[in-house]
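Chain residues, written in single-letter form:
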Amino acid sequence: MEKTYYFYDTDPIGHEAYDIAGEDFAEFIETCCRYCETVSFRIWEQEVKVAEKLKPYRIPKPEAITYTYRETRRDRSFFGEPDVYPDIRYYRVCPELCALLPQIADHLFQWIDGWGYHHPEDPVFYRSDGSLFFSLVIHAGKCTLTSREGEDVSRVVSKGHWLTEGAQRYYFYDTDPTGHETYDIAGEDFAEFIETCCRYCETLSLRFQKPELRVLWGPALEPYRIPRPEAITYIQGHYYHDLPQQDRETCYYRVCPELCALLPQIADHLFQWIDGWGYHHPEDPVFYRSDGSLFFSSVIHEGECILTPREGEDVSRIVSKEHWLTEGFQKY
């Protein structure tokens, strides 16, 4: 039985950038090498020198491999030149290659000729029967890991931001697509929403834009404040770049019944969790499960929220209310 996992280079609304880097990348490569015999790369003309480091492991394309990249080209017609196509090369997986790859680039999304990097592109790992274990298109920011029974990928996919096929995302925006109608989750609906988040999560984070907000709300929230749990790798980005760095702070809180009851007392409308629009509250509530994964995330000033329940997490009463959208919907 196969199970497929997905990794994207941003969150669904494009505000948070994700990557697999450093020790996590080395562990990811080691896992790929454990179950695979071949890796391929796209080599553009500019990366030939870098690809020389891989030359000792280069092999002809194995007959068992029938998967071929969707064709990629660089359109040069504007310059009156022929289009440019990459060379797809195959390499024998071995301990030496496994050790070499993180030395070339130790971030997954640095395996590209672009964005300031000049590396071979799109590492794809194949099993001995030619089937795909891991595939991706870096410039599109999409990766797929397909494990079979007996292939242990738990340490890789337990890190933040991996999604499974069963994961369903729901979106809530503060306006309709035309911007004429305003939406919110308020009153009893907000209390029920908070209770649902608290049922499945262990940690809440909030952002404080100014020291005055910490003075205002800190005493009420302080009994529940904790250091950032090690399992949490998602860091809420910040878009108020004109504020001094010392005035920005993301705080983490232990989810418990007392905190669950306190939150609607601070603000009982979801889009009032902001320092702005006439409100002076902590911003951007984000709820995390015990493994550090995101259950609910928000960027309140953008009017965008995402709820990602797993199998067994009942959010039906929440998303049955008006204005929740599923993944098939695009706001713009």
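Since the structure is predicted, the reported quantities are computational estimates derived from the model, not experimental observations.

Draft legend 1. Spatial organisation of the overall build of the protein. Looking only at helices and strands, the protein features eight helices and 20 strands. Every one of the 332 residues in the protein was classed for burial, and the buried ones make up 50%. Put simply, of all contacts in the protein between residues at least 6 apart along the chain, 72% involve residues at least 24 apart. Summed over its atoms, the accessible surface of the protein is roughly 16900 Å², and 50% of this surface lies on carbon and sulfur atoms.

Draft legend 2. Structural detail: the sheet that holds strand E11 (residues 170–173). Ordered by their spatial adjacency, eight strands build an open sheet running E13-E14-E12-E17-E18-E19-E11-E20, and the pairing between neighbours is antiparallel. In the strand order of this sheet, the two ends are held by strand E13 (225–226) and strand E20 (325–326), each with one partner. Taken together, the two bridges between E11 and E20 define a ladder with antiparallel strand orientation. The residue of E20 that forms the bridge with Tyr170 is Thr326. Lying on the sheet, helix H6 (residues 211–221) is in contact with strand E12 (203–208), E13 and strand E14 (249–254); it crosses E12 at an angle near 160°.

Draft legend 3. Here's a closer look at the side chain of Glu27. Tracing the backbone through its elements, the reader meets Glu27 in helix H1 (residues 22–35). Judged by its relative accessible area of 18%, Glu27 is buried. When near neighbours in sequence (up to four residues on either side) are disregarded, Glu27 contacts Arg155, Val156 and Lys159.

Draft legend 4. A look at the sheet that holds strand E2 (residues 38–43). Taking strand neighbours across the sheet as the criterion, the eight strands line up as E3-E4-E2-E7-E8-E9-E1-E10 in an open arrangement whose pairing is antiparallel. The open sheet has two edge strands, strand E3 (58–59) and strand E10 (163–164), and neither has a second partner. Pairing of strand E8 (residues 132–137) with strand E9 (residues 142–147) involves four bridges; the strand directions are antiparallel. The residue bridging Leu136 from the neighbouring strand is Cys143, located in E9.

Draft legend 5. Here's a closer look at the nonpolar core. Of all hydrophobic cores here, the largest spans 50 residues; its most connected members are Leu108, Phe125 and Phe134. The dominant element in this core, judged by the number of residues it contributes, is H1, at six residues. Those residues in contact with Leu108 that sit more than four places away from it in its chain are Asp19, Ile20, Phe25, Phe28, Pro123, Phe134, Leu136, Ile138 and Cys143. Judged by nonpolar contacts, the second largest core, of 41 residues, contains Phe193, Ile274, Ile300 and Leu307.

Draft legend 6. Local environment of empty space enclosed by the protein. Taken as a whole, this structure holds one cavity of 30 Å³ or more when the rule is applied. Considered as a void within the structure, the largest cavity measures approximately 30 Å³ in volume. Together, Phe190, Ile194, Leu204, Leu206, Leu263, Trp273 and Pro285 line the largest cavity. Secondary-structure elements contributing two or more residues to the lining of the largest cavity are helix H5 (187–200) and E12. Class assignment of the residues belonging to the lining of the largest cavity gives a composition of seven nonpolar, no polar and no charged.

Draft legend 7. Representation of the packing of H5 against helix H7 (residues 257–266). Two elements in contact, H5 and H7, have axes whose closest approach is 10 Å; the angle formed by their N-to-C orientations is 150°. Viewed along their axes, H5 and H7 adopt a mutual orientation that is roughly antiparallel. Our pair here, H5 against H7, has a crossing hand that is right-handed. Contacts between H5 and H7 involve Phe190, Ala191, Ile194, Glu195 and Cys198 on the former and, on the latter, Cys260, Leu263 and Pro264.

Procedures and definitions
- Residues numbered from 1 in each chain as written.
- Predicted model: local features only at pLDDT ≥ 70, side-chain atom pairs only at ≥ 80, totals over all residues.
- Heavy atoms only, no water.
- Helix = DSSP H or I, 4+ residues; strand = E, 2+ residues; numbered from the N terminus.
- Buried < 20%, exposed > 50% of the residue type's maximum accessible area, 1.4 Å probe, protein only.
- Contact = heavy atoms within 4.5 Å.
- Areas by Shrake-Rupley, 256 points an atom, 1.4 Å probe, with all protein chains shown as cover.
- Pairing = 2+ DSSP bridges.
- Axes fitted to C-alpha atoms, helices over the stretch in contact; angles between N-to-C directions.
- Core = buried A, V, L, I, M, F, W, Y, C linked by side-chain atoms within 4.5 Å.
- 1 Å grid on protein atoms, 1.4 Å probe; cavity = no way out; pocket = protein on both sides within 12 Å on 5 of 7 lines; lining within 4 Å.
- Points joined across faces, edges and corners; volume = space filled by probe spheres on them.
- Nonpolar A, V, L, I, M, F, W, Y, C, P; charged D, E, K, R; others polar.
- Parallel < 35°, antiparallel > 145°, perpendicular 65-115°, else oblique.
- Left-handed = near helix turned anticlockwise from the far one by under 90°.

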